Amino acid sequence: MEYQAGTYDVIVIGAGHSGCEAALASARMGCRTLILTLNLDNIAMMPCNPSVGGPAKAQLVREVDALGGEMGLNTDRSAIQVRMLNTAKGPAMRALRAQADKKLYQKNMRRVLENQPGLDLKQVLVEKLVVSGNTVQGIISNTGAKYMAPAVILTTGTYLKGRIIIGDLAFSGGPQGQFPSVGFAGYLRGLGLELGRFKTGTPARVDKRSIDFSKMIIQPGDQKNHKFSFLSGRVDREQVPCWLTYTNETTHRIIRDNLHRSPLFSGFIEGIGPRYCPSIEDKVVRFAHRPGHQVFIEPEGLETNEMYVQGMSTSLPEDVQLEMLRTLKGLENVQVIRPGYAIEYDYLLPTQLKHSLECKEIRGLFSAGQINGTSGYEEAAAQGIIAGINAACYVQQKEPFILGRAEAYIGVMIDDLITKGAGEPYRLLTSRAEHRLLLRQDNADLRLTEAGYKVGLVSPGRYKAFCKKKKLIEADLERVNKTYIPVTEEVQTVLDQSGSAPLSQSASLASLLRRPELRYERLFSLPGGRPDLPEELFDEVVEEVEIGVKYAGYIKKETEQVKKYTKLEERWIPEDINYALVEGLANEAKQRLEKIRPRSLGQASRISGITPADIAILMVRLEQRRRKGAVNESTAI
Ligand SMILES: Cc1cc2nc3c(=O)[nH]c(=O)nc-3n(C[C@H](O)[C@H](O)[C@H](O)COP(=O)(O)OP(=O)(O)OC[C@H]3O[C@@H](n4cnc5c(N)ncnc54)[C@H](O)[C@@H]3O)c2cc1C
């Protein structure tokens, strides 16, 4: 029997990585918010690798942080190892990666949710929505509880009609032994939303005491104090190592001999899996020439012997899993404590969403995370904060908050999803962004914190700290351009020791910094070389000034390209356009444009199957319409 259980501004269904960010964003923007989950003990659960960050994902975490989100702070509180990846490459490719203590991550995130003013947290299984006409008004649980709100955010992850597969065994289930959300999946389909079927997988977990680490290669963390959040102070943490071993020909033979028992190759699994996160059986088949694949043994936490076997994701039968693991150096006597498995789940086709992540067909209904066809904690968190901000904007009748492809990786990801859809679980890669040099992990705050403050999510305290840092960067950039280094024996010695040419006349600090062989810190020993900066901001300001000087030319060029590109991005297409009336467009183009209903010519140009000729025709028609001023709707395009 249904009963009125409460009224809110925003309801978030799911307390995974997207749900947590969505709920915190909407509550921090002043909305009375309710977050619901199937199991309060599994908030912000990491059903797969215990790591946050890495290429493209680190940029997302920093962007979520710069907007006033929680993932960066929570990772800094819960990390047990941090490493800066790609340090030999340019700043656009540098990426922080942290190993998190999974239980600590969950505990810390739960504490933040439970203590957030304006946010209620409840264990509820949502079965239906309350929809009137084409507008959402609330949710109904399996116990009949009816919670009302003008905005609802779906963040149900990998639970919709979840199906667990290990060998020839399959059963209805959510990740890590949880129950799935079956009824709700059917209900969403009944509402007319298009759902697809994806799959992902995870490796076995093994007992640390059964591993011989002396046969593996240690992977220590960096000593340097890296952190994800611009707000985190110095984080002194005990760094625990990971370990590297390899598969070998024996491993591969066992896998090949059992491919007939693999649900992936027997067709027992229907869902489409992530190309960029393949299972070991997939790798052995696709890269048959490779003698071995890297396998990283990663700790799941400080207070557990559970170890994650990165690189061995599988759904092979349990006996095969044990046999293949015991062929790896150091795992000869390994004890499996949780088998690897695959999970199939329903996802929402993201072409049904707007850039604000609101559903096109149901007003007030937003969607974020794995349900939108992505894979990854970071991708989920990034969508969650955008959905949370926009649900709050919707309730507060503010303009939607949309990030462009030239502003943020978040903008690249959401535009890709809603314009091109997701043929397989979408994972963000740096190669997906046109303007990588501008979208670095180090400058996420300079790109986004101002916008986060204006929309009402970034706190005054964070904004004040940000303005201080920005001023320090501007002042130091000016200083290195105005500080001249004299030609002295001491200076020539430093240059000589750095393999850099001697000075023939005094030169600005900036001109020395532009020399590829000279890092900023190398110039600290020169007179006037070391900036006078507060300790807590020293590294960040130095990094910004160094990149700003060394890459000035490239950054200028990329900024000019953005100007050109923005021209098409800001050629808006009227929401009421009738593509069927646009003469000259091929029927196929009309159908594709009608399906996606792009908001700009730029977005239209990224729809697969839309040609430059189609864009040219649209441009002309839009110009004609603008000149005519749309006098007669029925004939207007
Ligand atoms: C087996 C497995 C392997 C994975 N492998 C990888 C990987 O290798 N790399 C990677 O980057 N990512 C991987 N992932 C994906 C990663 O876990 C997700 O991307 C991330 O957790 C998605 O976050 P989310 O917030 O969208 O959903 P989730 O974290 O899945 O959270 C969903 C939330 O919704 C709640 N919920 C669901 N239905 C209902 C309902 N009807 N009522 C109320 N609450 C509901 C759940 O209780 C949960 O709180 C894997 C996931 C799984 C399950």
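Residues numbered from 1 in each chain as written. Predicted model: local features only at pLDDT ≥ 70, side-chain atom pairs only at ≥ 80, totals over all residues. Heavy atoms only, no water.

**Student:** Just checking my understanding: could you explain the domain arrangement of the chain for this structure?
**Tutor:** Interfaces are frequently sized by the accessible area removed from exposure as the parts join. In terms of domains, the chain is made up of domain 1 (3-200 + 345-455), domain 2 (205-343), domain 3 (481-553) and domain 4 (571-628). The centre of domain 1, based on its C-alpha atoms, is set 43 Å off from the matching centre of domain 3. Together, the buried faces of domain 1 and domain 3 total about 560 Å²; carbon and sulfur atoms form 52% of this surface. Per-residue buried area on domain 1 facing domain 3 is highest for Pro 91, Arg 94 and Asp 442; these three make up 58% of the total on that side. Our count for the domain 1 to domain 3 interface comes out at one salt bridge. (Domains from an automatic or database assignment. Buried area = accessible area lost by both parts, 1.4 Å probe. Salt bridge = Lys/Arg side-chain N within 4 Å of Asp/Glu carboxyl O.)

**Student:** I'm lost on the pattern of salt bridges in this one. Help?
**Tutor:** For the structure on display, the rule yields 47 salt bridges. As a salt-bridge pair, Arg 163 and Glu 344 come within 3.0 Å of each other at their nearest N and O atoms. You can see Arg 163 sitting in strand S12 (residues 163-166) and its partner Glu 344 sitting in strand S21 (residues 341-348), a full 181 residues away along the chain. The shortest N-O distance in the salt bridge between Arg 440 and Glu 544 comes to 3.4 Å. Of this pair, Arg 440 sits in the loop between helix H11 (409-420) and helix H12 (444-455) while Glu 544 sits in helix H16 (residues 535-550); the two residues are 104 residues apart in sequence, bridging distant segments of the chain. By relative accessible area, which is 6% here, Glu 544 ends up buried. Beyond isolated ion pairs, a larger network of salt bridges with shared partners links Arg 405, Asp 415, Asp 416, Lys 420, Glu 434, Glu 569 and Arg 606. (Helix = DSSP H or I, 4+ residues; strand = E, 2+ residues; numbered from the N terminus. Buried < 20%, exposed > 50% of the residue type's maximum accessible area, 1.4 Å probe, protein only.)

**Student:** Can you walk me through the packing of aromatic side chains in this structure?
**Tutor:** For any pair of aromatic rings, geometry is given as the distance between the ring centres together with the angle between the planes. For the structure on display, the rule yields ten aromatic pairs. On the basis of an interplanar angle of 50 degrees and a centroid distance of 6.5 Å, the ring pair of Tyr 8 and Tyr 147 is categorised as tilted. In this pair, Tyr 8 is assigned in the loop between strand S1 (3-7) and strand S2 (10-13) and Tyr 147 in strand S10 (residues 145-148), connecting sequence segments 139 residues apart. The exposure class of Tyr 147 is buried, given its relative accessible area of 7%. (Phe/Tyr/Trp six-rings, centres within 6.5 Å; stacked < 30°, edge-to-face > 60°.)

**Student:** In this structure, what is going on with the sheet that holds strand S14 (residues 195-202)? I would like to understand it.
**Tutor:** In a beta sheet, neighbouring strands are held together by backbone hydrogen bonds and run either parallel or antiparallel to one another. Reading across from one edge, S13-S12-S21-S14 is the order of the four strands in this open sheet, with antiparallel pairing throughout. Bordering the open sheet on either side are strand S13 (169-172) and S14, each of which pairs with just one other strand. Neighbour-to-neighbour, the strand axes of the sheet open up by a mean angle of 25 degrees, direction not taken into account. In the packing of helix H5 (residues 182-190) onto the sheet, contacts are made with S13, S14 and S21, and the angle to S14 comes to roughly 150 degrees. (Pairing = 2+ DSSP bridges. Axes fitted to C-alpha atoms, helices over the stretch in contact; angles between N-to-C directions. Contact = heavy atoms within 4.5 Å.)

**Student:** Would you take a moment to explain the site of the ligand for this structure?
**Tutor:** In the vicinity of the ligand lie 35 residues, with Ser 18, Val 126, Ser 181, Gln 370 and Gly 376 positioned nearest. At 2.9 Å, a backbone N or O of Val 126 approaches a nitrogen atom of the ligand. One of the side-chain N or O atoms of Gln 370 is found 2.3 Å from an oxygen atom in the ligand. Taken by itself the ligand offers 980 Å² of open surface, and the protein chains cover 97% of this. Secondary structure elements with two or more residues in the shell around the ligand: helix H1 (17-28), strand S3 (33-37), S14, S21 and helix H10 (377-395). Considering every element that reaches the shell around the ligand, the biggest residue donor is S14, with three residues. (Near = heavy atom within 4 Å. Polar contact = N/O pair within 3.5 Å; in protein donor to acceptor, adjacent residues only side chain to side chain. Areas by Shrake-Rupley, 256 points an atom, 1.4 Å probe, with all protein chains shown as cover.)

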